[in-house]
Amino acid sequence: MRAWRVHELGEPAQVMRLDTVERPEPGPRQVVVRVTGAAANFPDVLMCRGLYQVKPPLPFTPGVELCGEVVATGAEVTGIAVGDHVLGGSSLPYGGFAEYAVLEAAQTFTAPTALDDAEAASLFIGYQTGWFGLHRRAALQAGETLLVHAAAGGVGSAAVQLGKAAGARVIGVVGGPEKAEYARALGADIVIDRRSEDFVEVVKRVTDNRGADVVYDPVGGDTYTRSTKCIAFEGRILVVGFAGGDIQSAALNHALVKNYSIVGLHWGLYNAYDPAAVADCHRELTRLATAGAIRPLVSERLDLADIADGVQRLADGKTVGRVVCTPSA
């Protein structure tokens, strides 16, 4: 089979190599799928660079999120059969940027029939992260104001749709007019282009100086620091990631004086500590997708040969929405 593999660490376009390798075999609690869609995620970029908390041994195939058809199951797998149409997180080093990939059975779920393969491949990590962040960690309520940074990206776009589905007023922050149009298409009530507007001033203005009840921040650095200037009384700032490259220090005296919470979210830990909650979340996401309340907006569907370039453009901040590899298309 063909598979992109990283043999040394660096920028994705420089270190990803399209190899011909043997098809992987499942372990006792694993399944092998024929990949029909694999969404590019920022963790793929960070793993190529060697900067992610998960560091698979070299060489490895990136692609942490995918959809596909089950072709083989491990000896201890129950409830999943050959031919099933599934989605989930890949089991590295056999990631989704290949013709076949490996998934842990515990992180393998039925793909919603309401979504096509590229959309289903984009439903797992970003939407699970958004749902756990907004509902489990920040307790977002209908009628509250949600500020989403990087609203045109994979994680941010999911938060926009989930916030709207929860009945919140959603403000999306993006970089550039193309991304602004995308955020509007997602359903954001207010879109702020950070290149031409100060999001702190806009948030204060549109909330009558009250501020945002929940801030969804996958960027970090100065974005986090400035968000503290427009957080509401008893607001919650969700620390989701550090795509901006800088990990900020929190001024805890400021959190005390303004009475807001700083809430961390590492969604991957739920797979280890509360897998039943992950399964429950998937059922809820499936319900929302079936009802038309959420739908991943796939901006690019790339052949397998082109995905390294797509991952690099994601790394460079030049993509909108979800970029998906469709090797079986």
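Above this note sits the structure.
Below is a summary of the structure that appears in this document. (Residues numbered from 1 in each chain as written. Predicted model: local features only at pLDDT ≥ 70, side-chain atom pairs only at ≥ 80, totals over all residues. Heavy atoms only, no water.)

**Some points on the packing of helix α4 (residues 125-137) against helix α5 (residues 154-165)**
Two measures define how a pair of helices packs: the angle their axes make with one another and the distance between the axes.
And step 1. α5 packs onto α4 with a crossing angle of 50 degrees between their chain directions and a minimal axis gap of 8 Å. On the basis of their axis angle, the class for α4 and α5 is oblique. Where α4 crosses over α5, the handedness of that crossing is right-handed. Residue-level inspection shows Gly126, Tyr127, Thr129, Gly130, Trp131 and Leu134 of α4 in contact with α5, the latter providing Val155, Ala158, Ala159, Gln161, Leu162 and Gly163. (Axes fitted to C-alpha atoms, helices over the stretch in contact; angles between N-to-C directions. Helix = DSSP H or I, 4+ residues; strand = E, 2+ residues; numbered from the N terminus. Parallel < 35°, antiparallel > 145°, perpendicular 65-115°, else oblique. Left-handed = near helix turned anticlockwise from the far one by under 90°. Contact = heavy atoms within 4.5 Å.)

**So, the pairing of strand β5 (residues 85-90)**
Moving residue by residue along a regular strand, the side chains alternate between the two faces of the sheet.
And step 1. In terms of burial, β5 is largely enclosed, as five of its six residues are buried.
And step 2. For strand β4 (residues 65-73) and β5, the ladder comprises five bridges, and the chain directions are antiparallel. Bridging from a neighbouring strand, Glu65 pairs with Gly89 of β5.
And step 3. Inspection of the sheet shows β5 paired to strand β6 (residues 100-110) by four bridges, in the antiparallel sense. Its bridge partner lying in β6, Ser90 is registered against Leu103. (Buried < 20%, exposed > 50% of the residue type's maximum accessible area, 1.4 Å probe, protein only. Pairing = 2+ DSSP bridges.)

**Some remarks on unusual backbone geometry**
And step 1. Put simply, Leu58 and Pro59 share a cis peptide bond, and its omega is -10 degrees.
And step 2. Within the secondary structure layout, Pro59 lies in the loop between α2 (42-49) and β4.
And step 3. Note that the residue after Leu92, namely Pro93, is joined by a cis bond; omega there is 20 degrees.
And step 4. Relative to the helices and strands, Pro93 resides in the loop between β5 and β6.
And step 5. One non-glycine residue, Asp208, lies in the positive phi region at around 55 degrees.

**Looking at the side chain of Thr228**
And step 1. Positionally, Thr228 belongs in the loop between α8 (222-227) and β11 (231-239).
And step 2. Assessed through its relative accessible area of 8%, Thr228 is described here as buried.
And step 3. A distance of 2.5 Å separates a polar side-chain atom of Thr228 from the backbone oxygen of Thr225. (Polar contact = N/O pair within 3.5 Å; in protein donor to acceptor, adjacent residues only side chain to side chain.)

**Remarks on α2**
And step 1. When you tally the buried positions in α2, you get six out of eight residues, the bulk of the element.
And step 2. Among all positions of α2, only Pro43, Asp44, Val45, Leu46, Met47 and Cys48 are buried.
And step 3. Looking at the buried positions of α2, the neighbouring elements they touch are β1 (2-6), α1 (12-15), β2 (16-20), β3 (30-39) and α12 (307-315).
And step 4. Looking at the residues trailing α2, positive phi occurs at Gly50, about 75 degrees.

**Points about the packing of α4 against helix α11 (residues 275-290)**
And step 1. Where α4 meets α11, the axes come as close as 10 Å, and the angle between the chain directions of the two elements is 100 degrees. In terms of orientation, α4 lies roughly perpendicular with respect to α11. In contact with Tyr127, Gln128, Trp131, Phe132 and Arg136 of α4, α11 contributes Ala277, Val278, Cys281, His282, Glu284 and Leu285.
And step 2. Taken together, the residues that form the contact of α4 with α11 break down as seven nonpolar, two polar and two charged. (Nonpolar A, V, L, I, M, F, W, Y, C, P; charged D, E, K, R; others polar.)

**A short note on the pattern of salt bridges**
And step 1. Throughout the structure, instances matching the rule amount to 18 salt bridges.
And step 2. Arg301 is the salt-bridge partner of Asp116, the closest N and O atoms lying 3.0 Å from each other. With a gap of 185 residues between them, Asp116 in the loop between β6 and α3 (117-120) and Arg301 in strand β13 (residues 298-302) connect regions that are remote in the sequence.
And step 3. Arg136 is the salt-bridge partner of Asp274, the closest N and O atoms lying 3.6 Å from each other. (Salt bridge = Lys/Arg side-chain N within 4 Å of Asp/Glu carboxyl O.)

**A closer look at the nonpolar core**
Nonpolar side chains tend to gather and get buried jointly when the protein is soluble and globular.
And step 1. With 88 residues, the main nonpolar core has Val33, Phe97, Phe132 and Leu146 as its most contacted residues.
And step 2. With seven residues, the top contributor of residues to this core is α11.
And step 3. Dropping the residues within four chain positions of it, Leu146 is found in contact with Leu134, Leu140, Ala159, Gly163, Ala168, Arg169, Val170, Ile171, Val214 and Tyr216.
And step 4. Judged by nonpolar contacts, the second largest core, of 18 residues, contains Leu147, Ile190, Ala212 and Ile231. (Core = buried A, V, L, I, M, F, W, Y, C linked by side-chain atoms within 4.5 Å.)

**Some thoughts on the state of the cysteines**
And step 1. One pass over the full model with this rule turns up zero disulfides.
And step 2. With no disulfide of its own, Cys281 lies closest to Cys67 among cysteine sulfurs, the gap being 17 Å.
And step 3. No disulfide involves Cys325; its sulfur sits 12 Å from that of Cys67, the nearest cysteine.
And step 4. Look at Cys325 and you get buried, because its relative accessible area is 0%. (Disulfide = S-S within 2.5 Å.)

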